[in-house]
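Residues per chain, in single letters:
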Amino acid sequence: MTSSNTGNGDVEPAVRAELDRLRDSIDNIDAAIVHMLAERFKCTQQVGHLKAVHQLPPADPAREARQIARLRGLAEDAKLDPAFAETFLTFIIAEVIRHHERIAEDTANDHTAHDHTTEHA
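Every chain is numbered on its own, with residues counted from 1 as its sequence reads. Reporting of local features is limited, given that this is a predicted model, to residues whose pLDDT is at least 70; pairs of side-chain atoms are given and counted only at 80 or more, and all residues count toward the totals for whole chains, interfaces and linings. In computing side-chain values, all of the structure's heavy atoms are included and hydrogens and water are not.

(A) View of the overall build of the chain. Here a strand is any run of E in DSSP of at least two residues, a helix any run of H or I of at least four, and the numbering for each starts at the N terminus. Check the secondary structure of the chain and you find 3 helices and 0 strands. Reading the secondary structure of the chain in the N-to-C direction produces α-α-α. Burial classification: accessible surface area is computed with a 1.4 Å probe over protein chains only, and a residue below 20% of its type maximum counts as buried, one above 50% as exposed, and the rest as partly exposed. Sorting the 121 residues of the chain into buried and exposed places 18% on the buried side. We call two residues contacting when some pair of their heavy atoms lies within 4.5 Å. A separation of at least 24 residues holds for 52% of the contacts in the chain among residues at least 6 apart in sequence.

Here it is in structure tokens:
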């Protein structure tokens, strides 16, 4: 017999325990996702600095297309909707490009400021 879940008091203890167990796992997975994204962004920040120093463009459409195709394949293998995986990666890529553009701008400004200070030395 199932119970309504409109409040904590009317859910059977076994159902509540299973919900709590599953939600704990979800919370752990969410924490892992956040930490993995943080690590990913640490790496992409380093890529952004390398690109800026060598005056490479912030975006790399060919790499992005390969990554999207790769992630869609991984999603299919994992029984995850490939369109969702693509949307998720596209969102991340847009954020990475935004970071790379900012890094490139900051690097260019640092070089310009450095050039002006050395001219007057």
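Alright, that's what it looks like, and here's the rest.
(B) Region of the structure containing a nonpolar patch on the surface. Together, Leu80, Phe84 and Phe88 make up a nonpolar patch on the protein surface, roughly 290 Å² of accessible area in all. Of note, Phe88 is situated in helix H3 (residues 82-119). Among the residues examined, Phe88 registers a relative accessible area of 38% and is labelled partly exposed. Surface patches are drawn from residues lacking salt bridges whose relative accessible area is over 30%; two like charges belong together within 9 Å, two nonpolar side chains (Val, Leu, Ile, Met, Phe, Trp, Tyr) within 5 Å. In short, Shrake-Rupley with a 1.4 Å probe defines the accessible areas, and a residue's cover is counted only from the protein chains shown. Definition used for salt bridges: Asp or Glu carboxyl oxygen within 4 Å of a side-chain nitrogen of Lys or Arg.

(C) Inspection of the confidence of the model for the chain at higher detail. For the chain, per-residue confidence averages 90 on the pLDDT scale, and residues scoring 70 or more make up 86% of the total. Each residue carries a pLDDT score, the predictor's confidence in it, ranging from 0 to 100. Within the model, pLDDT remains below 50 along residues 1-5, and this stretch shows 8 contacts once partners closer than five positions in the same chain are excluded.

(D) Expanded view of a negative patch on the surface. Positive charges come from Lys and Arg alone, negative charges from Asp and Glu alone, with His and the N- and C-terminal ends not counted. Throughout, a charge is located at the NZ atom of Lys, the CZ atom of Arg, the CG atom of Asp or the CD atom of Glu. A cluster of acidic residues, Asp20, Asp24, Asp27 and Asp30, forms a negative patch at the surface. Mapped onto the elements, Asp24 comes out in helix H1 (residues 13-53). According to the relative accessible area criterion, Asp24 is partly exposed, its value standing at 48%.

(E) The layout of surface pockets, seen in detail. A cavity here means a set of 1 Å grid points, computed over protein atoms only, where a 1.4 Å probe fits but cannot escape. A pocket is an open set with protein on both sides within 12 Å along at least 5 of 7 lines, and lining residues have an atom within 4 Å of a point. Grid points are joined across faces, edges and corners, and a volume is the space filled by probe spheres set on the points. The calculated volume of the largest pocket comes to roughly 280 Å³. Arg40, Thr44, Arg63, Val96 and His100 are the residues nearest the centre of the largest pocket, which is lined by 15 residues in total. When residues of the lining of the largest pocket are traced back to their parent elements, those giving at least two are H1, helix H2 (61-77) and H3. Counting residues per element, the lining of the largest pocket draws most heavily on H1, at 5 residues.

(F) Structural context of H2. A helix's residues, less one, multiplied by 1.5 Å, set its expected span. Taking 1.5 Å per residue, 17 residues should reach 24 Å; H2 reaches 24 Å between its end C-alpha atoms and fits that length. Of the positions making up H2, those classed as buried are Glu64, Gln67, Ile68 and Ala75. Along H2, the residues classed as buried sweep out an arc of 100 degrees about the axis, all on the same side. Counted as exposed and oriented over 90 degrees from the buried face of H2: Arg66 and Asp77. Positive backbone phi, approximately 60 degrees, marks Lys79, located one or two places after H2. In this description, one arc is meant: the one made by directions from the helix axis to the C-beta atoms.

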